[in-house]
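# A closer look at the structure
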Amino acid sequence: MRVREVELRLVALPLVRPFRTSFGEATDKVCILARVVTDEAEGWGECVADVEPDFGAEFNEGAWALLRDLLVPALFRAGDVAAGDVEGLFASVRGNTMAKATLVNAVLDAELRAAGRSLAEHLGAARDRIACGVSVGIARTTEALLDQVEGYLAEGYRRIKLKIAPGLDVGRVRAVRDRWPDATLSVDANAAYAPDDIDVFLALDDLDLLMVEQPLHHDDLVRHAALQSRIRTDVCLDESVKRADDAAVALEIGACRIVNVKQGRVGGVFEARRVHDVCRGAGAPVWCGGMLETGVGRATNLAVAALPGFSLPGDTSPSARYFHEDLTPPFEMAPDGTMAVPSGPGLGVDPVPERLEARTRRREVLRAGATTPWAAPAPSV
Ligand code: NPG
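### Notes on the packing of aromatic side chains
Taken as a whole and judged by the stated rule, the model has four aromatic pairs. Each ring, one from tyrosine 152 and one from tyrosine 157, has its centre 5.5 Å from the other, and the planes form 85°; the classification is edge-to-face. This pair shows no difference in class: tyrosine 152 is buried, exactly as tyrosine 157 is. Relative to phenylalanine 201, the ring of tyrosine 193 has its centre 5.1 Å away and its plane inclined at 75°; by these criteria the two rings are edge-to-face. Assigned by exposure class, tyrosine 193 and phenylalanine 201 land together as buried. One residue, arginine 159, lies across the ring of tryptophan 287, its end atom 5.1 Å from the ring centre. One residue, arginine 362, lies across the ring of tryptophan 64, its end atom 4.6 Å from the ring centre.

Right under this line is the structure:
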(Lines give C-alpha, C1' and ligand atoms only; values in the text may rest on other atoms or scores of the structure.)
Protein backbone atom coordinates (compact mmCIF):
# COMPACT_ATOMS: atom_id res chain seq x y z
CA MET A 1 0.00 0.00 0.00
CA ARG A 2 1.25 3.47 -0.79
CA VAL A 3 0.24 6.41 1.40
CA ARG A 4 -0.43 9.30 -0.94
CA GLU A 5 -1.89 11.87 1.39
CA VAL A 6 -2.35 12.52 5.11
CA GLU A 7 -4.91 15.00 6.34
CA LEU A 8 -4.40 16.30 9.87
CA ARG A 9 -7.24 17.96 11.74
CA LEU A 10 -7.31 19.57 15.14
CA VAL A 11 -10.82 19.02 16.46
CA ALA A 12 -12.57 20.34 19.56
CA LEU A 13 -15.72 18.95 21.17
CA PRO A 14 -17.29 20.37 24.32
CA LEU A 15 -17.57 17.82 27.15
CA VAL A 16 -20.96 17.26 28.76
CA ARG A 17 -19.37 18.06 32.12
CA PRO A 18 -15.90 19.29 33.04
CA PHE A 19 -13.47 16.46 33.76
CA ARG A 20 -11.19 17.19 36.72
CA THR A 21 -8.17 15.10 37.60
CA SER A 22 -5.22 15.62 39.95
CA PHE A 23 -3.42 17.42 37.08
CA GLY A 24 -6.14 19.78 35.88
CA GLU A 25 -9.60 20.30 34.47
CA ALA A 26 -10.80 19.84 30.89
CA THR A 27 -13.99 21.39 29.53
CA ASP A 28 -13.38 20.40 25.91
CA LYS A 29 -11.83 17.45 24.18
CA VAL A 30 -9.21 18.83 21.80
CA CYS A 31 -7.22 16.35 19.74
CA ILE A 32 -5.62 15.55 16.40
CA LEU A 33 -7.25 13.23 13.90
CA ALA A 34 -5.34 11.85 10.94
CA ARG A 35 -6.90 10.53 7.77
CA VAL A 36 -4.47 8.61 5.60
CA VAL A 37 -5.28 8.19 1.94
CA THR A 38 -3.68 5.19 0.27
CA ASP A 39 -4.04 3.81 -3.23
CA GLU A 40 -6.47 1.21 -1.83
CA ALA A 41 -8.50 2.79 0.98
CA GLU A 42 -8.57 5.52 3.61
CA GLY A 43 -7.94 5.07 7.32
CA TRP A 44 -8.40 7.07 10.51
CA GLY A 45 -6.26 7.55 13.58
CA GLU A 46 -6.84 9.65 16.70
CA CYS A 47 -3.98 11.07 18.75
CA VAL A 48 -4.58 10.89 22.52
CA ALA A 49 -2.37 13.89 23.31
CA ASP A 50 -4.08 16.84 24.94
CA VAL A 51 -3.66 20.62 24.82
CA GLU A 52 -1.00 20.55 27.55
CA PRO A 53 1.68 17.97 28.37
CA ASP A 54 0.13 17.07 31.73
CA PHE A 55 -0.87 13.39 31.61
CA GLY A 56 2.20 12.63 29.49
CA ALA A 57 5.03 14.55 27.86
CA GLU A 58 3.25 14.93 24.50
CA PHE A 59 0.80 17.68 23.63
CA ASN A 60 -1.22 18.60 20.57
CA GLU A 61 0.98 21.29 19.05
CA GLY A 62 4.11 19.19 19.55
CA ALA A 63 2.44 16.08 18.14
CA TRP A 64 1.19 18.08 15.16
CA ALA A 65 4.71 19.35 14.41
CA LEU A 66 6.20 15.88 14.76
CA LEU A 67 3.55 14.33 12.52
CA ARG A 68 3.90 17.04 9.88
CA ASP A 69 7.68 17.36 9.88
CA LEU A 70 8.95 13.85 10.61
CA LEU A 71 6.45 11.02 10.87
CA VAL A 72 4.28 11.70 7.83
CA PRO A 73 7.33 12.41 5.60
CA ALA A 74 8.85 9.11 6.80
CA LEU A 75 5.64 7.34 5.78
CA PHE A 76 5.71 8.97 2.35
CA ARG A 77 9.37 8.14 1.79
CA ALA A 78 8.77 4.50 2.66
CA GLY A 79 6.78 4.00 -0.53
CA ASP A 80 5.08 0.64 -0.44
CA VAL A 81 4.25 -0.13 3.20
CA ALA A 82 2.19 -2.58 5.22
CA ALA A 83 0.68 -1.45 8.52
CA GLY A 84 3.03 -3.80 10.35
CA ASP A 85 6.03 -1.82 8.98
CA VAL A 86 4.98 1.58 10.28
CA GLU A 87 6.38 1.26 13.83
CA GLY A 88 9.74 0.37 12.29
CA LEU A 89 9.72 3.51 10.11
CA PHE A 90 9.51 5.59 13.28
CA ALA A 91 12.06 3.62 15.28
CA SER A 92 14.67 6.38 15.32
CA VAL A 93 12.24 8.89 16.85
CA ARG A 94 12.48 8.46 20.60
CA GLY A 95 9.28 8.32 22.64
CA ASN A 96 6.34 10.29 21.21
CA THR A 97 4.20 7.19 21.34
CA MET A 98 0.95 9.16 21.11
CA ALA A 99 1.89 10.80 17.81
CA LYS A 100 3.23 7.52 16.42
CA ALA A 101 0.05 5.66 17.42
CA THR A 102 -2.01 8.04 15.30
CA LEU A 103 -0.37 6.89 12.07
CA VAL A 104 0.19 3.25 13.05
CA ASN A 105 -3.54 2.94 13.69
CA ALA A 106 -4.61 4.97 10.65
CA VAL A 107 -2.51 2.91 8.21
CA LEU A 108 -3.81 -0.31 9.77
CA ASP A 109 -7.37 0.98 9.45
CA ALA A 110 -6.82 1.67 5.74
CA GLU A 111 -5.27 -1.75 5.23
CA LEU A 112 -8.13 -3.54 6.99
CA ARG A 113 -10.80 -1.54 5.19
CA ALA A 114 -9.17 -2.53 1.89
CA ALA A 115 -9.19 -6.18 3.00
CA GLY A 116 -12.74 -6.00 4.41
CA ARG A 117 -11.62 -7.19 7.87
CA SER A 118 -12.48 -5.67 11.22
CA LEU A 119 -9.78 -4.40 13.57
CA ALA A 120 -11.11 -6.55 16.40
CA GLU A 121 -10.90 -9.70 14.31
CA HIS A 122 -7.44 -8.78 13.07
CA LEU A 123 -6.11 -8.26 16.59
CA GLY A 124 -7.56 -11.54 17.85
CA ALA A 125 -10.71 -10.48 19.68
CA ALA A 126 -12.24 -13.04 21.98
CA ARG A 127 -15.63 -11.37 22.39
CA ASP A 128 -18.06 -9.10 20.59
CA ARG A 129 -19.19 -7.11 23.66
CA ILE A 130 -17.06 -5.59 26.39
CA ALA A 131 -17.81 -4.56 30.00
CA CYS A 132 -17.96 -0.81 30.61
CA GLY A 133 -16.67 1.13 33.57
CA VAL A 134 -16.77 4.87 34.15
CA SER A 135 -14.12 7.27 35.36
CA VAL A 136 -15.57 9.94 37.63
CA GLY A 137 -13.65 13.22 37.74
CA ILE A 138 -12.97 15.02 41.02
CA ALA A 139 -16.28 16.63 42.01
CA ARG A 140 -16.72 20.01 43.67
CA THR A 141 -18.26 18.43 46.78
CA THR A 142 -18.78 14.98 48.24
CA GLU A 143 -22.53 15.39 47.66
CA ALA A 144 -21.97 16.14 43.99
CA LEU A 145 -19.75 13.06 43.75
CA LEU A 146 -22.41 10.85 45.35
CA ASP A 147 -25.02 12.19 42.92
CA GLN A 148 -22.82 11.38 39.94
CA VAL A 149 -22.00 7.90 41.19
CA GLU A 150 -25.67 7.19 41.81
CA GLY A 151 -26.50 8.16 38.23
CA TYR A 152 -23.71 6.04 36.77
CA LEU A 153 -24.67 2.98 38.83
CA ALA A 154 -28.28 3.37 37.70
CA GLU A 155 -27.08 3.41 34.08
CA GLY A 156 -25.51 0.00 34.62
CA TYR A 157 -21.76 0.64 34.67
CA ARG A 158 -19.88 -2.39 35.93
CA ARG A 159 -17.12 -0.46 37.70
CA ILE A 160 -16.79 3.04 39.10
CA LYS A 161 -13.36 4.67 39.12
CA LEU A 162 -12.93 7.72 41.30
CA LYS A 163 -10.25 10.26 40.55
CA ILE A 164 -8.38 11.27 43.69
CA ALA A 165 -5.87 13.98 44.63
CA PRO A 166 -4.14 14.80 47.92
CA GLY A 167 -6.80 15.99 50.38
CA LEU A 168 -9.64 14.73 48.17
CA ASP A 169 -9.13 11.05 48.70
CA VAL A 170 -9.95 8.85 51.71
CA GLY A 171 -12.97 10.87 52.92
CA ARG A 172 -14.52 11.03 49.47
CA VAL A 173 -13.92 7.38 48.69
CA ARG A 174 -15.22 6.29 52.09
CA ALA A 175 -18.44 8.26 51.51
CA VAL A 176 -19.00 6.38 48.24
CA ARG A 177 -18.12 3.03 49.79
CA ASP A 178 -20.47 3.63 52.77
CA ARG A 179 -23.36 4.40 50.43
CA TRP A 180 -22.70 1.47 48.06
CA PRO A 181 -21.02 -1.34 50.02
CA ASP A 182 -21.12 -3.77 47.09
CA ALA A 183 -20.13 -1.52 44.19
CA THR A 184 -16.95 -2.34 42.29
CA LEU A 185 -14.80 0.71 43.02
CA SER A 186 -11.31 1.76 42.10
CA VAL A 187 -9.32 4.98 42.46
CA ASP A 188 -6.92 6.80 40.12
CA ALA A 189 -4.34 9.25 41.46
CA ASN A 190 -2.65 10.17 38.16
CA ALA A 191 0.75 10.16 39.86
CA ALA A 192 -0.20 12.81 42.42
CA TYR A 193 1.32 11.20 45.53
CA ALA A 194 4.78 10.74 47.01
CA PRO A 195 6.16 7.72 48.88
CA ASP A 196 5.63 9.61 52.16
CA ASP A 197 1.86 9.54 51.56
CA ILE A 198 1.74 5.86 52.52
CA ASP A 199 -0.93 6.56 55.18
CA VAL A 200 -3.42 7.53 52.46
CA PHE A 201 -2.94 4.14 50.80
CA LEU A 202 -3.07 2.25 54.08
CA ALA A 203 -6.42 3.96 54.80
CA LEU A 204 -7.71 3.16 51.29
CA ASP A 205 -6.77 -0.47 51.95
CA ASP A 206 -9.84 -0.73 54.22
CA LEU A 207 -12.27 0.35 51.49
CA ASP A 208 -12.28 -2.83 49.44
CA LEU A 209 -11.02 -1.29 46.21
CA LEU A 210 -10.43 -3.22 43.02
CA MET A 211 -7.20 -1.29 42.54
CA VAL A 212 -5.36 1.93 43.15
CA GLU A 213 -4.15 3.31 39.84
CA GLN A 214 -0.89 5.18 39.27
CA PRO A 215 -0.37 6.45 42.81
CA LEU A 216 3.24 7.69 42.38
CA HIS A 217 5.48 9.39 39.83
CA HIS A 218 5.26 7.91 36.35
CA ASP A 219 8.99 7.15 36.19
CA ASP A 220 9.27 5.51 39.59
CA LEU A 221 8.70 1.77 39.34
CA VAL A 222 10.93 1.08 42.34
CA ARG A 223 8.83 3.18 44.75
CA HIS A 224 5.67 1.62 43.30
CA ALA A 225 7.12 -1.80 44.16
CA ALA A 226 7.80 -0.63 47.71
CA LEU A 227 4.25 0.69 48.01
CA GLN A 228 2.71 -2.48 46.59
CA SER A 229 4.61 -4.55 49.15
CA ARG A 230 3.00 -2.53 51.97
CA ILE A 231 -0.66 -2.48 50.86
CA ARG A 232 -3.14 -5.26 50.15
CA THR A 233 -4.98 -3.40 47.37
CA ASP A 234 -3.62 -4.13 43.90
CA VAL A 235 -1.61 -1.32 42.36
CA CYS A 236 -2.39 -0.69 38.67
CA LEU A 237 0.01 1.25 36.44
CA ASP A 238 -1.05 3.54 33.61
CA GLU A 239 1.29 6.48 32.93
CA SER A 240 4.33 4.33 33.87
CA VAL A 241 3.71 1.87 31.03
CA LYS A 242 4.73 3.41 27.71
CA ARG A 243 5.73 0.15 26.01
CA ALA A 244 5.36 -3.56 26.58
CA ASP A 245 8.73 -3.91 28.25
CA ASP A 246 7.73 -1.37 30.93
CA ALA A 247 4.88 -3.72 31.83
CA ALA A 248 7.25 -6.69 31.91
CA VAL A 249 9.65 -4.90 34.26
CA ALA A 250 6.86 -3.54 36.47
CA LEU A 251 5.37 -7.00 36.92
CA GLU A 252 8.79 -8.56 37.43
CA ILE A 253 9.75 -6.22 40.28
CA GLY A 254 6.26 -6.20 41.83
CA ALA A 255 5.53 -2.54 41.03
CA CYS A 256 1.94 -3.45 40.16
CA ARG A 257 -0.38 -6.42 39.78
CA ILE A 258 -2.71 -4.92 37.16
CA VAL A 259 -2.01 -2.88 34.01
CA ASN A 260 -4.14 -0.25 32.30
CA VAL A 261 -3.64 -0.64 28.54
CA LYS A 262 -4.15 2.47 26.46
CA GLN A 263 -3.26 1.84 22.86
CA GLY A 264 -2.86 5.56 22.25
CA ARG A 265 -0.34 5.89 25.10
CA VAL A 266 1.87 2.96 24.10
CA GLY A 267 2.25 3.66 20.35
CA GLY A 268 -0.80 2.03 18.84
CA VAL A 269 -2.71 -1.20 18.70
CA PHE A 270 0.26 -3.49 17.96
CA GLU A 271 2.18 -2.40 21.05
CA ALA A 272 -1.06 -2.52 23.06
CA ARG A 273 -1.43 -6.15 22.06
CA ARG A 274 2.18 -6.76 23.15
CA VAL A 275 1.41 -5.20 26.55
CA HIS A 276 -1.61 -7.48 26.75
CA ASP A 277 0.50 -10.51 25.83
CA VAL A 278 3.18 -9.71 28.43
CA CYS A 279 0.58 -9.32 31.17
CA ARG A 280 -1.34 -12.39 30.13
CA GLY A 281 1.87 -14.40 30.20
CA ALA A 282 2.52 -13.15 33.72
CA GLY A 283 -1.05 -13.85 34.85
CA ALA A 284 -1.76 -10.15 35.46
CA PRO A 285 -5.22 -8.77 34.56
CA VAL A 286 -5.40 -5.88 32.10
CA TRP A 287 -8.16 -3.46 31.26
CA CYS A 288 -8.67 -0.81 28.62
CA GLY A 289 -8.05 2.77 29.65
CA GLY A 290 -9.56 5.79 27.97
CA MET A 291 -8.54 9.36 27.22
CA LEU A 292 -11.97 10.86 26.54
CA GLU A 293 -11.62 9.77 22.92
CA THR A 294 -13.99 10.69 20.12
CA GLY A 295 -15.69 7.84 18.28
CA VAL A 296 -12.53 7.23 16.20
CA GLY A 297 -10.34 6.50 19.21
CA ARG A 298 -13.21 4.77 21.00
CA ALA A 299 -13.66 2.28 18.16
CA THR A 300 -9.91 1.58 18.32
CA ASN A 301 -10.08 1.03 22.09
CA LEU A 302 -13.06 -1.29 21.83
CA ALA A 303 -11.24 -3.59 19.41
CA VAL A 304 -8.29 -3.79 21.82
CA ALA A 305 -10.59 -4.32 24.82
CA ALA A 306 -12.02 -7.40 23.10
CA LEU A 307 -8.70 -9.28 23.42
CA PRO A 308 -8.88 -12.30 25.72
CA GLY A 309 -6.70 -10.94 28.57
CA PHE A 310 -8.99 -7.93 29.19
CA SER A 311 -10.71 -9.37 32.22
CA LEU A 312 -11.72 -6.15 34.02
CA PRO A 313 -14.20 -3.46 32.91
CA GLY A 314 -12.47 -0.60 31.08
CA ASP A 315 -12.82 3.18 30.92
CA THR A 316 -14.87 2.56 27.81
CA SER A 317 -18.02 4.56 28.37
CA PRO A 318 -20.67 5.38 25.76
CA SER A 319 -20.39 8.58 23.71
CA ALA A 320 -23.11 10.32 25.75
CA ARG A 321 -20.95 10.20 28.89
CA TYR A 322 -18.53 12.59 27.15
CA PHE A 323 -20.22 14.49 24.33
CA HIS A 324 -23.61 15.88 23.36
CA GLU A 325 -22.71 14.79 19.86
CA ASP A 326 -19.79 12.52 19.01
CA LEU A 327 -17.96 12.80 15.69
CA THR A 328 -19.15 9.31 14.74
CA PRO A 329 -22.56 7.75 15.25
CA PRO A 330 -22.73 7.34 19.04
CA PHE A 331 -21.47 4.33 20.95
CA GLU A 332 -24.16 3.10 23.30
CA MET A 333 -24.10 0.99 26.44
CA ALA A 334 -26.76 -1.66 27.05
CA PRO A 335 -28.52 -1.68 30.45
CA ASP A 336 -26.29 -4.61 31.47
CA GLY A 337 -23.25 -2.33 31.24
CA THR A 338 -21.79 -3.77 28.04
CA MET A 339 -21.00 -2.24 24.68
CA ALA A 340 -20.74 -3.83 21.24
CA VAL A 341 -17.34 -4.06 19.58
CA PRO A 342 -17.55 -2.68 16.02
CA SER A 343 -17.47 -5.46 13.45
CA GLY A 344 -17.34 -3.59 10.14
CA PRO A 345 -14.15 -3.27 8.06
CA GLY A 346 -11.29 -1.53 9.87
CA LEU A 347 -12.53 0.59 12.77
CA GLY A 348 -16.09 -0.08 11.64
CA VAL A 349 -17.06 3.59 12.06
CA ASP A 350 -16.50 6.86 10.21
CA PRO A 351 -16.75 10.46 11.35
CA VAL A 352 -19.93 12.11 10.10
CA PRO A 353 -18.58 14.65 7.56
CA GLU A 354 -20.68 17.65 8.69
CA ARG A 355 -19.88 17.08 12.36
CA LEU A 356 -16.21 16.69 11.59
CA GLU A 357 -16.23 19.90 9.59
CA ALA A 358 -18.09 21.78 12.30
CA ARG A 359 -15.63 20.65 15.01
CA THR A 360 -12.44 21.24 13.03
CA ARG A 361 -10.26 24.10 14.29
CA ARG A 362 -7.41 23.54 11.85
CA ARG A 363 -6.75 21.32 8.88
CA GLU A 364 -3.58 20.61 6.93
CA VAL A 365 -3.17 18.25 3.99
CA LEU A 366 0.25 16.68 3.39
CA ARG A 367 0.95 15.04 0.05
CA ALA A 368 3.60 12.53 -0.94
CA GLY A 369 6.11 14.11 -3.27
CA ALA A 370 5.41 17.67 -2.16
CA THR A 371 8.43 19.36 -0.60
CA THR A 372 8.27 19.85 3.13
CA PRO A 373 8.60 23.52 4.03
CA TRP A 374 11.27 23.05 6.64
CA ALA A 375 14.05 20.77 5.64
CA ALA A 376 16.30 19.51 2.91
CA PRO A 377 17.77 16.98 2.88
CA ALA A 378 15.14 14.72 4.42
CA PRO A 379 15.99 13.39 7.89
CA SER A 380 16.98 9.77 8.23
CA VAL A 381 13.86 8.52 10.01
O1 NPG B 1 -13.47 7.59 30.08
O2 NPG B 1 -12.04 8.08 28.54
C3 NPG B 1 -12.43 8.10 29.71
C4 NPG B 1 -11.59 8.80 30.73
C5 NPG B 1 -10.86 7.84 31.58
O6 NPG B 1 -9.98 8.72 33.56
C7 NPG B 1 -9.84 8.54 32.41
N8 NPG B 1 -8.80 8.96 31.74
O9 NPG B 1 -5.90 9.30 33.67
O10 NPG B 1 -6.79 7.63 32.72
C11 NPG B 1 -6.76 8.82 32.93
C12 NPG B 1 -7.79 9.74 32.34
C13 NPG B 1 -7.31 10.72 31.30
C14 NPG B 1 -8.22 11.42 30.58
C15 NPG B 1 -6.01 10.94 31.07
C16 NPG B 1 -7.83 12.33 29.62
C17 NPG B 1 -5.60 11.86 30.13
C18 NPG B 1 -6.51 12.55 29.39
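The structure having been displayed, the exposition proceeds.
### Structural notes on the pairing of strand E5 (residues 133–136)
By the alternation rule, side chains of E5 split into Gly133 and Ser135 and Val134 and Val136, which are all buried. Where E5 lies against strand E6 (residues 159–163), four bridges are found, and the strand directions are parallel. Counted as the bridge partner of valine 136 is leucine 162 from E6. What joins E5 to E6 is helix H5 (residues 142–155), and the crossover it makes is right-handed.

Rules of the game
Residues numbered from 1 in each chain as written. Predicted model: local features only at pLDDT ≥ 70, side-chain atom pairs only at ≥ 80, totals over all residues. Heavy atoms only, no water. Phe/Tyr/Trp six-rings, centres within 6.5 Å; stacked < 30°, edge-to-face > 60°. Buried < 20%, exposed > 50% of the residue type's maximum accessible area, 1.4 Å probe, protein only. Lys NZ or Arg CZ within 6 Å of the ring centre and 35° of its normal. Helix = DSSP H or I, 4+ residues; strand = E, 2+ residues; numbered from the N terminus. Pairing = 2+ DSSP bridges. Right-handed = clockwise from strand over helix to strand, strands pointing away.

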